[in-house]
Amino acid sequence: MGFFSKIKKFFAGSDEVSQSQPAAESSAQNDSSAQGLSDGPSQLSGQEERDMALALQKAEPRLSAWLPIVLDGVREEGDLFWQRIAFLLRALQTPEGEARRFMDEFRAWLKDMDYHWLEDFRSELQYRLALALDMEDEEDERDRLFAKLQSGLARTRSRFGQGLSALFSGHSALDQAFWDEMEELFIMADMGAESSLALVSRLKERARADGIGSPDALMPLLEQEVEAIFRQPKRIACLEPPEVLLMVGVNGVGKTTTIAKLAYRERMQGKKVLIAAADTFRAAAVEQLEVWAKRIGADFHAKGMGADPAAVAYEAMDRAIKGGYDVLFIDTAGRLHTKSNLMDELRKIRMVLGRKMPAAPHRTILVIDATTGQNALQQTKIFKENSGVNEIILTKLDGTAKGGVALAVASQFDVPITFIGLGEKMEDLRPFDPHAFARALLGREQI
């Protein structure tokens, strides 16, 4: 969390805030640990700093309330923008090194993306702050995510949600014809026959037990059952770094960019990240991953085309331990799940990692493409059997009418979906929220 943990304390509440004001103002002017920030753009005037500190302290402790204050009057990246950011960090008594690092990394990102106008990078700024503040469950963040889900699942909902509405409006009683049509609707939404029959069976039992006889009264139960399918078990955190994430999946599912987005999240939370390219079958795979690592500020480890993937993984593990890294991502070949020799190679990687650190890999994440529909089920089956998959990331949900495959994967394999991809931007890889997903999938208007 780094210096951003102080923001929560600073804005914890009105009583604490009022007591903190003198210290904050004094810090903004006198704290020697942050004075180095003044080497860049000139500082705000004393009166401007006092006015802004007071406005921030009076605001609700929400990111969406703070940003309009800090960015008021700012239209572009320039002295005024950096003065405001520097003031915020000084007011929070941020150690100079941490403050510099945040500003330098964001400045480098703006240059790399060739962004100048605030409207082009404001969402990225808010995203970085949300990660660093651990505020993705904030009300405004939830609303933004739900809106993104509604948009991303539009094609799925047009086939599934509208069909569901027609089903519910076309029947006045929960007779056999209703249940048969519901099963067919679920199957057509790529849920699969087995998952569809099981879901309908549970709904029938609950409706009978609760004395429900009309379709309208059934919708809350359907929502609960869909959400229950996505229930995520508690995961034991890695207590002794590095945490090792083994990334698996076939070519074309978006694995490389998913690794970059996950690593980016870790970097924004102040963690030291190493990415290892154990996909040595394609030179382009190594090159692409190296480009991404450089772009997000993570370190990179590779041996080049044709190297032994298990050796790459072992050496990366050794480097991560000696280098004090918090997280190690290991990319693997986009192996066809029907090729046994490649699956054997994956088992070998797991074996050498376990020798170096008994609990490693701590997480084995399968990336699957939602647009592949039922083929994603076969991929999940084979990878779970051969590589110990314990998490799934579902990508490309924004471009498919087959979003129902998420239900089939979660229900058939008892593997939690932890993230979903809703677009190309870094912020479009979002933590999976079962409640929000269920409502968006069923066409509900609010969380």
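Heads up: the structure comes first, above all this text.
Undergrad: Please explain the nonpolar core as it appears in this structure.
TA: Where a protein is soluble and globular, its nonpolar side chains tend to be buried together. Judged by nonpolar contacts, the single largest core of 104 residues is most densely connected at Met182, Leu218, Leu222, Ile275 and Phe329. Per element, the largest residue contribution to this core is seven residues, and it comes from helix H19 (residues 405-413). For Leu222, the residues in contact, after removing those within four places along its chain, are Leu164, Phe168, Phe186, Leu199, Leu203 and Leu442. Leu89, Trp109, Leu118 and Ala130 belong to the second-largest nonpolar core, a separate cluster that totals 28 residues.

Undergrad: Would you mind showing me how to read unusual backbone geometry here?
TA: Trans peptide bonds make up the majority, and among non-glycine residues the majority have a negative phi. Between Pro241 and Pro242 the backbone carries a cis peptide bond, its omega angle lying at 5°. Here the residue pair Ala360 and Pro361 is connected by a cis peptide bond, since its omega of -10° sits within 30 degrees of zero. Counting through the fold element by element, Pro361 comes out in the loop between helix H17 (340-356) and strand E5 (363-369). The residue Asp414 is not glycine, and still its phi comes out positive at about 50°. With respect to the element layout, Asp414 can be found in the loop between H19 and strand E7 (417-421). Residue Asp414 is classed as exposed on the basis of its relative accessible area of 69%.

Undergrad: I keep staring at the packing of helix H12 (residues 193-210) against helix H13 (residues 215-229) and nothing clicks. Help me out?
TA: How two helices pack is summed up by the angle between their axes together with the distance between the axes. In contact at an axis separation of 10 Å, H12 and H13 are set at 135° when each is read in the N-to-C sense. With respect to their mutual orientation, H12 and H13 come out oblique. H12 and H13 meet at a crossing whose hand is right-handed. In this structure, H12 contributes Leu199, Arg202, Leu203, Arg206, Ala207 and Asp210 to the contact, and H13 contributes Leu218, Leu221, Leu222, Gln224, Glu225 and Ile229.

Parameters and conventions
Residues numbered from 1 in each chain as written. Predicted model: local features only at pLDDT ≥ 70, side-chain atom pairs only at ≥ 80, totals over all residues. Heavy atoms only, no water. Core = buried A, V, L, I, M, F, W, Y, C linked by side-chain atoms within 4.5 Å. Buried < 20%, exposed > 50% of the residue type's maximum accessible area, 1.4 Å probe, protein only. Helix = DSSP H or I, 4+ residues; strand = E, 2+ residues; numbered from the N terminus. Contact = heavy atoms within 4.5 Å. Axes fitted to C-alpha atoms, helices over the stretch in contact; angles between N-to-C directions. Parallel < 35°, antiparallel > 145°, perpendicular 65-115°, else oblique. Left-handed = near helix turned anticlockwise from the far one by under 90°.

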